[in-house]
Amino acid sequence: MRFEPMIRKRITEHFWRCTVKLTIVSNYINHHQIPMANALYEKLGADFAFIQTSQMEEDRVKMGWGSEIKAIPYLKRYYEDSSYCAQLMMDSDVVVFGGVEDESYIKPRLQAGKIVIRASERLYREGQWKSISPHGRKKKYEDHTQYADGPVYLLCHGAYVASDFAIVHAYPDKKYIWGYFPAVNEYDLDELFLRKQHFDDQGNCQVRLLWAGRFLKLKHPEYAIKVAKYLKSKGISFHLDMIGGGVLEGRLKALVKEYQLEDKVTFHGFLPPQEVRRYMECADVFLFTSNYLEGWGAVLNESMNSACAVVAGSGIGAVPFLLKHNYNGLVYKTGRYQEFERLVSLLCTDKTLQKRLGTHAYETIVREWNPKEAADRLYQFCEGLLHGKVQPQKTGPLSPAPVIAPRKGYWYTRNK
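Quick caveat: nothing in here was measured; it's all calculated off a predicted structure.

(A) Summary view of the pattern of salt bridges. Under the defined criterion, the tally for this structure stands at 21 salt bridges. Residue R118 is joined to E103 by a salt bridge in which the shortest nitrogen-to-oxygen separation is 2.7 Å. On the criterion of sequence distance, the pair formed by R118 in strand 5 (residues 116-120) and E103 in the loop between strand 4 (94-98) and helix 5 (107-111) is long-range, its members being 15 residues apart. Residue R118 is classed as buried on the basis of its relative accessible area, which comes to 6%. According to the relative accessible area criterion, E103 is buried, its value standing at 13%. Linking E126 and K130 is a salt bridge whose minimum nitrogen-to-oxygen distance equals 2.7 Å. Linked by salt bridges that have partners in common, K43, K372 and D376 make up one network.

Set out below in structure tokens:
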């Protein structure tokens with residue numbers, strides 16, 4: 001009996017040796033990151049922390065992004081206790097840095113040769129031609145390339161990230177598919193599709209279209225208004241809900257009036273994330289019209305989770321990772337409005353296609369691109385790093401990232 005405490009002690013020591021002390025560092029936490037962070041906290045408890053380096057911008061707070069963070073137990077605020085957070089960054093087994101523009105947070109750990117995982121969106125969103133800048137290349141070398149042989153790994157927040165980093169010869173064979181993992185809802189699909197049945201005043205089946213985001217040039221919300229004009233000219237029964245706001249709002253409302261679409265288009269302004277989800281649950285078709293400046297685009301995850309049939313541009317970072325054309329969504333080549341128009345028209349006249357695409361979209365998110373699965377994969381990845389036995393996933397998050405040049409994204413969605 002006297003050996004029992006010793007056995008217990010050894011079992012406890014073995015348990016703690018197998019636990020990863022993991023910290024994520026970002027400019028701020030938002031509702032797209034919280035679900036996976038919650039799953040990591042549930043798994044690791046006090047061995048998990050999320051360090052927020054900045055306070056959230058006012059416009060995002062107005063969109064409802066800041067309401068959830070006040071009571072998060074694992075959230076540490078660098079601007080309130082910098083010495084504690086800096087020490088935590090050094091003491092953790094693995095630190096994931098994402099959305100951190102100030103390299104001073106990262107350099108001490110890099111210089112100490114400790115495991116670092118960078119989670120990054122694109123280097124050259126405005127065009128890879130910008131890589132020719134000597135000043136820019138020097139900065140990329142200092143921040144990334146010089147650590148090519150070190151214990152530094154890259155999580156690619158978008159399909160074109162690996163291509164950008166390949167240009168500067170950073171993270172060879174250490175780039176992995178990653179993204180954002182908003183909350184995932186599980187539905188009875190038969191019940192969900194019943195909620196998507198709509199009828200106009202004459203009793204005809206009506207297609208509900210949804211667009212959601214900020215009204216910015218890079219997001220091309222005017223595509224939604226233009227396609228509404230086209231659908232009306234074809235006599236298709238539909239209604240378009242526009243959620244969001246921004247600098248183009250006046251122009252969009254003027255177009256609606258010019259095209260005489262007042263009874264076909266409703267502007268809802270900014271809504272809390274939960275309310276946006278309710279609109280997605282009732283929508284047949286989700287329109288995602290951003291260009292290459294959209295680094296990821298978490299509304300794609302959310303609309304797919306809501307079993308929407310999605311029409312999306314190939315330049316959006318999430319699209320080649322999440323969508324396969326004509327399987328779980330329809331993809332048009334970014335900048336080709338006529339192709340976008342044709343695909344939307346096709347969907348609006350084919351309820352069977354809507355349901356097939358929506359079902360596969362839902363399954364993609366629930367089975368592979370969900371917060372718990374991402375947390376489990378990240379934990380396994382970190383555990384492998386600590387033991388020198390990294391085993392990438394075969395598909396989806398934390399599988400090797402393909403090097404996809406932006407001009408090849410459209411092709412990739414049809415051939416992956």
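(B) Helix 14 (residues 337-348), seen in detail. An ideal rise of 1.5 Å per residue puts 16 Å on twelve residues; helix 14 measures up with 16 Å between its terminal C-alpha atoms. Most of helix 14 is tucked away: nine of the twelve residues are buried. Where helix 14 is concerned, the buried positions are Y337, E339, F340, E341, L343, V344, S345, L347 and C348.

(C) Fine view of the sheet that holds strand 13 (residues 330-332). The strand order 10-9-8-11-12-13 describes an open sheet built from six strands, whose pairing is parallel. Edge strands, defined here as strands with exactly one partner in the open sheet, are strand 10 (265-269) and strand 13. For this sheet the average axis-to-axis angle between neighbouring strands, irrespective of direction, equals 20 degrees. In the packing of helix 9 (residues 222-233) onto the sheet, the strands contacted are strand 8 (207-212), strand 9 (238-243), strand 10, strand 11 (285-288) and strand 13, and the crossing angle to strand 9 comes to about 170 degrees.

Reading the values: the criteria
- Residues numbered from 1 in each chain as written.
- Predicted model: local features only at pLDDT ≥ 70, side-chain atom pairs only at ≥ 80, totals over all residues.
- Heavy atoms only, no water.
- Salt bridge = Lys/Arg side-chain N within 4 Å of Asp/Glu carboxyl O.
- Helix = DSSP H or I, 4+ residues; strand = E, 2+ residues; numbered from the N terminus.
- Buried < 20%, exposed > 50% of the residue type's maximum accessible area, 1.4 Å probe, protein only.
- Expected span 1.5 Å × (residues − 1).
- Pairing = 2+ DSSP bridges.
- Axes fitted to C-alpha atoms, helices over the stretch in contact; angles between N-to-C directions.
- Contact = heavy atoms within 4.5 Å.

Such coordinate-based values are descriptive only and should not be taken to indicate function.
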